[in-house]
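Coordinates in review
So the chains spell out like this:
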Amino acid sequence: MDSMFNRRSVVKTMGAAISIASAGRLYPAVAQEATPSAGTGTITGVVTNFDSGEPLADVYIVVGWEDVQRAGITDAEGRYRVSNIPVGETVDVLGFRQGGYRYHNSDFDADTVFDLEPGQTVTYDFGLALLNQPEGEPQLSDAVIDPQQAMPGEDVTFEVTAKGGQGGLSPEIIAANPELGRMVLMESTGDDRFRTTFMVPSEAPAGDYQFAFFAASDECFVNSEFPMVTLTIGGGTTTPAAASPVADRQ
């Protein structure tokens with residue numbers, strides 16, 4: 001997918017809305033406003049069906065890539081909010097949804113990137129298109145988190161088998177948990193296996209966190225079903241305070 005990116009920086013107009021038109025399509029509006037917070041920023045918005053305009057629930061939002069790895073999810077009204085994004089790093093906003101929807105952040109999209117200032121909130125709305133072409137989707141299997149129980153500050157390993165996908169696999173082999181607010185980017189170990197080490201955030205409350213595994217192909221297809229694996233943090237099954245699906249949404 002990186003080969004398809006045509007990255008553009010956002011003009012930083014505080015409180016203004018920006019829209020970009022290309023090839024007859026109106027790209028999503030981007031609005032920016034200041035919020036009181038030091039050292040981090042927030043990206044929020046609404047995700048809709050590209051064709052119908054209806055809001056889409058359960059879209060996994062990934063902010064960043066290699067240096068910044070944050071995650072969120074949309075609610076029943078398509079709203080999302082990803083907070084605690086470190087400033088000083090340029091980040092992408094990516095969207096993944098089960099059920100045959102196209103991965104968001106390609107030349108088809110307004111593939112806007114953001115460089116947040118301290119305390120800044122950016123509003124970014126976008127749409128996902130329903131492809132419904134199973135033959136083009138990547139195939140994921142054998143998702144693993146090892147160990148599945150860990151304490152804050154400890155390392156765990158994420159692994160999954162990923163293959164296929166129209167145009168071949170793109171580097172987006174990801175696991176994400178919106179309640180923890182984290183995504184995990186895995187890299188190839190050969191033989192269709194992908195792996196990485198993830199340090200459990202030191203501030204993570206004790207609880208059970210279900211990670212969704214997904215991938216993208218070079219032609220923007222996403223696996224229709226996301227394998228799910230639960231990571232238990234802190235040695236217990238207490239529901240964390242942030243585990244409600246709406247706890248970090250707008």
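Residues numbered from 1 in each chain as written. Predicted model: local features only at pLDDT ≥ 70, side-chain atom pairs only at ≥ 80, totals over all residues. Heavy atoms only, no water.

Considerations on the overall build of the chain
A count of helices and strands for the chain gives zero helices and 22 strands. The 250 residues of the chain split such that 48% are buried. If you sum the accessible surface of the chain, you get close to 10,800 Å²; carbon and sulfur atoms cover 46% of it. (Helix = DSSP H or I, 4+ residues; strand = E, 2+ residues; numbered from the N terminus. Buried < 20%, exposed > 50% of the residue type's maximum accessible area, 1.4 Å probe, protein only. Areas by Shrake-Rupley, 256 points an atom, 1.4 Å probe, with all protein chains shown as cover.)

Focus on the side chain of Glu159
Tracing the chain through its elements places Glu159 in strand 16 (residues 155-164). Only 3.1 Å separates the side chain of Glu159 from the side chain of Arg193, close enough to count as a polar contact. In contact with Glu159, not counting residues within four places along its chain, are Asp142, Ala143, Val144, Met186, Arg193, Phe194, Arg195 and Phe213. (Polar contact = N/O pair within 3.5 Å; in protein donor to acceptor, adjacent residues only side chain to side chain. Contact = heavy atoms within 4.5 Å.)

Thoughts on the pairing of strand 16
Pairing analysis gives seven bridges linking strand 14 (residues 138-146) to strand 16, with the strands arranged antiparallel. Each bridged residue has a counterpart across the sheet, and for Gln139 the counterpart in strand 16 is Lys163. Bridging between strand 16 and strand 20 (residues 193-199) involves seven bridges; their strand directions are antiparallel. Bridge pairing in strand 20 links Val160 to Phe194. (Pairing = 2+ DSSP bridges.)

Description of the environment of Val87
The residue Val87 is located in the loop between strand 9 (79-86) and strand 10 (90-96) in this model. Of the residues examined, Val87 reaches a relative accessible area of 26% and is grouped as partly exposed. Sequence-distant contacts of Val87, that is, excluding residues within four places in its chain, are made with Gly39, Thr40, Gly41, Leu116, Glu117 and Pro118.

Digging into a negative patch on the surface
A contiguous patch of negative charge on the surface is contributed by Glu66, Asp67, Glu89, Asp115, Glu117 and Glu187. Tracing the chain through its elements places Glu187 in strand 19 (residues 187-190). (Patch = residues over 30% accessible without salt bridge, like charges linked within 9 Å, V, L, I, M, F, W, Y side chains within 5 Å. Salt bridge = Lys/Arg side-chain N within 4 Å of Asp/Glu carboxyl O. Lys, Arg positive; Asp, Glu negative; His and termini not counted. Charge placed at Lys NZ, Arg CZ, Asp CG, Glu CD.)

A short note on the side chain of Thr74
Inspection of the secondary structure assignment puts Thr74 in the loop between strand 8 (69-73) and strand 9. Residue classification places Thr74 among the buried positions, given a relative accessible area of 0%. In terms of polar contacts, Thr74 uses its side chain to reach the backbone carbonyl oxygen of Leu56, at 2.8 Å. Of note is the side chain of Thr74, whose polar atom sits 3.0 Å from the backbone nitrogen of Asp58.

Observations regarding the pattern of salt bridges
With the rule as written, the count across this model stands at five salt bridges. Two residues, Glu159 and Arg195, come together in a salt bridge whose shortest N-O distance is 3.2 Å. With Glu159 in strand 16 and Arg195 in strand 20, this pair connects stretches of sequence that are 36 residues apart. Residue Glu159 is classed as buried on the basis of its relative accessible area, which comes to 18%.

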